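Structural features, examined
The lines below spell out each chain.
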Amino acid sequence: MDRLTNTIRPYAWGSTTAIPALLGAEPTGEPQAEMWMGAHPGAPSRLDRAAGGTTLSAVIAADPEGELGAAAVAKFGPALPFLLKILAAGAPLSLQVHPDLAQARAGFEDEERRGVPMDAGHRNYKDANHKPELICALTPFDGLCGFRPPREAADLLEGLGVDSLKPYVDLLRAHPEEAALREVLTAVLTADREEMARTVTETAAAAERLGGPYAPYAGLVHDYPGDPGVIAAMLLNHVRLQPGEAMFLGAGIPHAYLDGLGVELMANSDNVLRCGLTPKHVDVPELLKVVVFEPSAPGVLRPEGGAEEVYETPIDEFRLSRFVLAPGGAPHTLPDAAPQILLCTAGAPTAGELTLAPGESVFVPAGEKVELSGSGTVFRATLVL
């Protein structure tokens, strides 16, 4: 078992205070958006197995079966199939979707064939993997997830009283659901930018005045003035997670996180296709190939089980669970068939011989017995064999 040293990504939307508060550190004044725990080549965790330290990705590459177990290598290949993060949104993230596995492989191979540099700003596919993900709230957490039913979206837009939104309202009411959502999202994202900027300004003013169901969308224009993503966002469901609640996002589901601190677990990928609410690269045609144009209610997940509370998802590459350890409680011996990362988010629990502070994590290779004890909250990221 190894204590991990993890990279914090300073994306512009990150909170300046949430991750430092969790870690008990002084804020730097700069945004701290995500802390990555895993072996993704973009920011692999470090550990102290060699003189001067090494990366978790290097350790796994040197002995995949020894670190991951033969069954995991046979099922997922010689790499850790999941990536664990702490995510701290201080401003809205980009409105985005993730590809499925076939789309990711095709997109990655295409960009490799065309010689698009891996670090190019316009590169869409950083790897050949899909990116289903699960977000679990540590604080109240606001997000947008999945399309509203078209008639509900039409009612919401019509209620703003903005004349330039009327064509979208008419389209949402005139066509079958899939066609309506496709036509309106395409029209919003490809509209004349100057005309759209005026529409966004009027929409934001109306949303701020009306409040209520419009409140989650009113603030978007302050961060992204004139951005068509403000209108596109209103096609999506708003969801607020309370601490301990979670939300699963599959391929093709449009979403954006707005505010809050959470634990995020996903397949080991960094593939994101954006369509708004971002200064980063936007590729509308590619995004439209990936989006699933059907209404989907954002199902809120609550952990199930006894001492180990599990967030059930349909994905084998990752499995998230939580232990809330009470003072004086019995220790818990963890299953050892698969590799796992343990993350402390509260208290001072003990994993084996290591005591963890909030924000600290450890990697446990397959086959190593670990006992959790003490007091605090520990999230366990592993996979399904």
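Each chain carries its own residue numbering, running from 1 in the direction its sequence is written. Residues qualify for local features only when their pLDDT is at least 70, as the model is predicted, and side-chain atom pairs are given and counted only at 80 or more; totals for whole chains, interfaces and linings, by contrast, use all residues. Hydrogen atoms and water are omitted, and side-chain values are computed over all heavy atoms in the structure.

**Some remarks on the overall build of the protein chain**
- Each helix and strand in the protein chain was counted, giving 13 helices and 23 strands.
- As a reference, a globule follows 2.2 Å times the number of residues to the power 0.38, and the radius of gyration itself is taken over C-alpha atoms. In summary, the protein chain has a C-alpha radius of gyration of 22 Å against a globular reference of 21 Å for 385 residues, a match within 12%.
- Its C-alpha atoms put the protein chain at 65 × 50 × 40 Å along the principal axes.
- Residue pairs in contact within the protein chain that sit at least 24 positions apart in sequence constitute 74% of those at least 6 positions apart.
- Residue-level accessible areas treat just the shown protein chains as cover; the underlying method is Shrake-Rupley with a 1.4 Å probe. Per element, the accessible surface of the protein chain, about 15,500 Å² overall, is 52% carbon and sulfur. Only DSSP runs of H or I covering at least 4 residues are called helices, and only runs of E covering at least 2 are called strands; the numbering of each starts at the N terminus. Any two residues whose heavy atoms approach within 4.5 Å are treated as being in contact.

**Quick word on the packing of helix α7 (residues 166-174) against helix α8 (residues 177-190)**
- Lines fitted to the C-alpha atoms define the axes, with helices restricted to the stretch that makes contact. Angles between their N-to-C directions range from 0 to 180 degrees. Axis separation between α7 and α8 bottoms out at 8 Å; the angle between their running directions is 160°. One way to sum up the angle between α7 and α8 is to call them roughly antiparallel. The element α7 and its partner α8 pack so that their crossing is right-handed. For the pair α7 and α8, contact is made by Tyr168, Leu171 and Leu172 and by Ala180, Leu181, Glu183, Val184, Ala187 and Val188, respectively.
- Amino acids are sorted into nonpolar (Ala, Val, Leu, Ile, Met, Phe, Trp, Tyr, Cys and Pro), charged (Asp, Glu, Lys and Arg) and polar (every other residue, Gly among them). Considering only residue class, the contact of α7 with α8 consists of eight nonpolar, no polar and one charged. Roughly parallel refers to an angle under 35 degrees, roughly antiparallel to one over 145, roughly perpendicular to one between 65 and 115, and oblique to any angle outside these ranges. Definitions for this section: a left-handed crossing has its near helix turned counterclockwise from the far helix by less than a right angle. A right-handed crossing has that turn clockwise.

**Quick look at the nonpolar core**
- Counting 51 residues, the largest nonpolar core has Phe147, Leu157, Leu160, Leu172, Leu185, Leu235 and Leu287 as the members making the most contacts within it.
- The greatest single-element share of this core, amounting to six residues, is contributed by α8.
- Beyond its immediate stretch of four places on either side in the chain, leucine 287 contacts Val97, Leu185, Leu189, Leu273, Arg274 and Cys275.
- By convention a nonpolar core is built from buried Ala, Val, Leu, Ile, Met, Phe, Trp, Tyr and Cys residues, the set being connected through side-chain atoms within 4.5 Å. Burial classification: accessible surface area is computed with a 1.4 Å probe over protein chains only, and a residue below 20% of its type maximum counts as buried, one above 50% as exposed, and the rest as partly exposed. Judged by nonpolar contacts, the second largest core, of 36 residues, contains Leu68, Ala72, Leu80 and Val263.

**Describing the packing of aromatic side chains**
- Side-chain rings of Phe, Tyr and Trp, where Trp is taken by its six-membered ring, are said to pair if the distance between their centres is within 6.5 Å; with planes under 30 degrees apart they count as stacked, over 60 as edge-to-face, and otherwise as tilted. A full pass over the atoms with the stated rule returns three aromatic pairs.
- Ring geometry for phenylalanine 141 against tyrosine 257: centres 5.4 Å apart, planes inclined by 75°, an arrangement best described as edge-to-face. Note that phenylalanine 141 is positioned in strand β9 (residues 141-147) and tyrosine 257 in strand β12 (residues 255-267), a separation of 116 residues in sequence. Residue phenylalanine 141 shares its accessibility class with tyrosine 257, and that shared class is buried.
- For the pair phenylalanine 147 and phenylalanine 293, a centre-to-centre distance of 5.8 Å together with 20° between the ring planes defines the contact as stacked.

**Some remarks on α7**
- What α7 keeps buried is the set Tyr168, Val169 and Leu172. Angularly, the buried residues of α7 cover 105° about the axis, an arc narrow enough to put them on a single face. In α7, the exposed positions that point more than 90 degrees away from the buried face belong to Lys166 and Ala174.
- Next to the buried residues of α7 lie α6 (150-158), α8 and α9 (193-210). In this description, the arc belongs to the directions extending from the helix axis to the C-beta atoms.

**Remarks on the packing of α6 against α7**
- Interaxial distance between α6 and α7 falls to 8 Å at its minimum, and their mutual angle equals 160°. With respect to each other, α6 and α7 are oriented roughly antiparallel. Crossing geometry of α6 relative to α7 is assigned as left-handed. Contacts from Pro150, Arg151, Ala153, Ala154, Asp155, Leu157 and Glu158 in α6 reach Tyr168, Val169, Leu172 and Arg173 in α7.
- Each residue belonging to the contact of α6 with α7 can be placed in one class, and the counts come to seven nonpolar, no polar and four charged.

**A word on the pairing of strand β11 (residues 246-249)**
- As defined by bridge partners, strand β8 (residues 133-137) adjoins β11 across four bridges and the pair is classed as antiparallel. Note on β11: the bridge partner recorded for isoleucine 135 is methionine 247.
- Pairing geometry for β11 and strand β14 (residues 300-301), over two bridges, is antiparallel. Bridging across to β14, alanine 246 finds its partner in leucine 301. Each pair of strands is called paired provided DSSP finds at least two bridges between the two strands.

**Digging into the state of the cysteines**
- In this description, a disulfide is simply a cysteine sulfur pair whose atoms lie within 2.5 Å. The full count for this structure, using the stated rule, is zero disulfides.
- Cysteine cysteine 275 is unpaired, with the sulfur of cysteine 145 as its nearest cysteine sulfur at 14 Å.
- Looking at cysteine 275, the relative accessible area reads 8%, which means it is buried.
- Looking at cysteine 344, it has no disulfide partner, and the nearest cysteine sulfur is the one in cysteine 136, 14 Å off.
- Taking the relative accessible area as the measure of exposure, cysteine 344 reaches 0% and is therefore buried.

**Structural notes on the sheet that holds strand β19 (residues 350-351)**
- A sheet is described by the order of its strands in space; here four strands give the open sequence β17-β22-β19-β20, paired in antiparallel fashion. Among the strands making up the open sheet, the edge pair consists of β17 (332-333) and β20 (354-355).

**Things to note about unusual backbone geometry**
- One non-glycine residue, leucine 277, adopts positive backbone phi at about 55°.
- Inspection of the secondary structure puts leucine 277 in the loop between β13 (273-276) and α13 (284-290).
- Accessibility expressed as a relative area gives 0% for leucine 277, which makes it buried.

**Describing the sheet that holds strand β15 (residues 309-311)**
- Across the sheet, six strands lie side by side as β1-β21-β18-β23-β16-β15; this open sheet has antiparallel pairing. Lying at the two open borders of the sheet, with one neighbouring strand each, are β1 (2-3) and β15.
- In this sheet, strand β23 (residues 376-382) lies alongside strand β16 (residues 319-325) in antiparallel orientation, the contact comprising seven bridges. Its bridge partner lying in β23, phenylalanine 323 is registered against valine 378.

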